[in-house]
Amino acid sequence: MGDLLLVRHGETEWSMSGRHTGSTDVPLTDNGREQARRLRPLIARHHIAAAFVSPMGRARETAELAGIGHARVDADLREWDYGGYEGVTTVEIHRERPDWFLFTDGVAPGPPEHPGESPEEVGVRAERALARIDAALAESEGSVVVVSHGHFLRVLTARRLGLDARSGALFQLGTGTMSRLSTEHRRHVVAGWNVRPDAYCSHDPLPLPGGGPQEH
């Protein structure tokens, strides 16, 4: 079975300012587009059998700029529904709820079209997505790449590793990064995490399945 490659979309104005960005389709910044382009050589090192992408424009543009063609749009890959915290920063939330933490407390209720999700509800979506990913992996010896969003990918990673959805808190994930989930002795493992192309010196080889160069 091939690897599962996770790509978080490039930078947006809201990701820069820390605003929770779920249903609001904020576009990539120029830097976010450059982040996406720089992922091309990392992704090209893998034989991609299938690709899935969130329906949000920031994820779809990242996939295109990163050279991920013919990605299948999957609604389950959308970001956490932040409900009443859409567009709000953690700093602002902490003024009223000093101990609030997304992965344990969820979000405040929002409007009917975006009521908000609990960590467990996001986990259910992740499991549905993983079932389709596993089906694609079973059909080919290649890898599958997923282009999605920070908090959702953290939950998906937790569920892939057999952890509960709240354990996504353990996996910090930056914009414009690629991570790799693989297997070892038939168990799911993290083989590379939060990798930025500029983390590797120009004379170093790019990270390959099974290991990579030391970071400078």
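Nothing here was measured: the structure is a model prediction, and the numbers come from that model.

### A closer look at the overall build of the protein
Part 1 of the argument: A count of helical and extended segments in the protein gives eight helices and six strands.
Part 2 of the argument: Principal-axis analysis of the C-alpha atoms gives the protein an extent of 50 × 35 × 30 Å.
Part 3 of the argument: The proportion of buried residues among the 216 residues of the protein is 50%.
Part 4 of the argument: Restricting the contact set of the protein to residue pairs at least 6 apart, pairs at least 24 apart contribute 66%.
Part 5 of the argument: For the protein, the exposed surface amounts to about 10,600 Å²; the carbon and sulfur share of it is 48%.
Part 6 of the argument: Between the mean site of the 24 positive side-chain charges and the mean site of the 30 negative ones, the protein shows a separation of 3 Å.

### Focus: the pairing of strand β5 (residues 178–184)
Part 1 of the argument: The buried fraction of β5 is high, at five of seven residues.
Part 2 of the argument: Examined bridge by bridge, strand β1 (residues 4–8) and β5 share four bridges and lie antiparallel to one another. Across the sheet, the residue bridging to L6 is S179, located in β5.
Part 3 of the argument: Sheet topology places β5 next to strand β6 (residues 187–195); six bridges connect them, and they run antiparallel. Paired with L181 across the bridge in β6 is V190.
Part 4 of the argument: Taken together, β5 and the strand that follows it, β6, pair antiparallel across an intervening segment of two residues, in which H185 is found at a positive phi of about 50 degrees.

### A look at the environment of E86
Part 1 of the argument: Within the secondary structure, E86 sits in the loop between β3 (72–73) and α5 (90–96).
Part 2 of the argument: For the pair E86 and G116, spaced 30 residues apart in the sequence, the C-alpha separation amounts to 9.0 Å.
Part 3 of the argument: When sequence neighbours within four positions are dropped, the list of residues in contact with E86 reads W14, H20, T21, G22, S23 and T24.
Part 4 of the argument: For E86, the side chain forms a polar contact with the main-chain nitrogen of G22, separated by 3.0 Å.

### With respect to the layout of surface pockets
Part 1 of the argument: By volume, the largest pocket amounts to about 450 Å³.
Part 2 of the argument: What lines the largest pocket is a set of 26 residues, among which R8, R19, H20, Y82 and H151 lie closest to the centre.
Part 3 of the argument: Secondary structure elements with two or more residues in the lining of the largest pocket: α1 (13–17), α5, α6 (102–105) and α8 (150–160).
Part 4 of the argument: Ranked by residues supplied to the lining of the largest pocket, first place goes to α8 with three residues.
Part 5 of the argument: When its residues are assigned to classes, the lining of the largest pocket shows eight nonpolar, 13 polar and five charged.

### What about the sheet that holds β6?
Part 1 of the argument: Spatial strand order, β3-β2-β4-β1-β5-β6: six strands in an open sheet with mixed pairing. Every interior strand has two partners, whereas the edge strands, β3 and β6, have only one.
Part 2 of the argument: Packing against the sheet, α8 makes contact with β1, β4 (143–148), β5 and β6, and its axis sits at approximately 160 degrees to β1.

### Considering the nonpolar core
Part 1 of the argument: The biggest cluster of nonpolar side chains holds 30 residues, and the ones touching the most others in it are L4, F52, W80, I133, V144, V146 and L156.
Part 2 of the argument: Elements that contribute at least two residues to this core include exactly β1, β2 (48–53), α6, α7 (119–138), β4 and α8.
Part 3 of the argument: Looking at which element gives the most residues to this core, the answer is α7, with seven residues.
Part 4 of the argument: Counting 15 residues, the second-largest nonpolar core is a separate cluster that includes V7, L42, V53 and I68.

### Structural notes on the environment of F52
Part 1 of the argument: Position of F52 relative to the elements: it lies in strand β2.
Part 2 of the argument: Classification of F52 as buried rests on a relative accessible area of 1%.
Part 3 of the argument: Along the sequence, F52 and V147 sit 95 residues apart, while their C-alpha atoms lie 6.4 Å from each other.
Part 4 of the argument: Setting aside anything within four residues of it in sequence, one finds F52 in contact with A71, R72, D74, L77, R132, I133, A136, V144, V145, V146 and V147.

### Considering the pattern of salt bridges
Note that side chains of opposite charge can pair when their charged atoms are close.
Part 1 of the argument: One pass over the full model with this rule turns up 12 salt bridges.
Part 2 of the argument: Of the charged contacts, one joins R33 and E61 as a salt bridge, the two residues approaching to 2.9 Å between their closest N and O atoms. Here R33, found in helix α2 (residues 30–38), pairs with E61, found in helix α4 (residues 57–65); they are 28 residues apart in sequence, far enough to count as distant.
Part 3 of the argument: Here R37 makes a salt bridge to E34, at a shortest N to O gap of 3.5 Å.

The rules behind these values
Residues numbered from 1 in each chain as written. Predicted model: local features only at pLDDT ≥ 70, side-chain atom pairs only at ≥ 80, totals over all residues. Heavy atoms only, no water. Helix = DSSP H or I, 4+ residues; strand = E, 2+ residues; numbered from the N terminus. Buried < 20%, exposed > 50% of the residue type's maximum accessible area, 1.4 Å probe, protein only. Contact = heavy atoms within 4.5 Å. Areas by Shrake-Rupley, 256 points an atom, 1.4 Å probe, with all protein chains shown as cover. Lys, Arg positive; Asp, Glu negative; His and termini not counted. Charge placed at Lys NZ, Arg CZ, Asp CG, Glu CD. Pairing = 2+ DSSP bridges. Polar contact = N/O pair within 3.5 Å; in protein donor to acceptor, adjacent residues only side chain to side chain. 1 Å grid on protein atoms, 1.4 Å probe; cavity = no way out; pocket = protein on both sides within 12 Å on 5 of 7 lines; lining within 4 Å. Points joined across faces, edges and corners; volume = space filled by probe spheres on them. Nonpolar A, V, L, I, M, F, W, Y, C, P; charged D, E, K, R; others polar. Axes fitted to C-alpha atoms, helices over the stretch in contact; angles between N-to-C directions. Core = buried A, V, L, I, M, F, W, Y, C linked by side-chain atoms within 4.5 Å. Salt bridge = Lys/Arg side-chain N within 4 Å of Asp/Glu carboxyl O.

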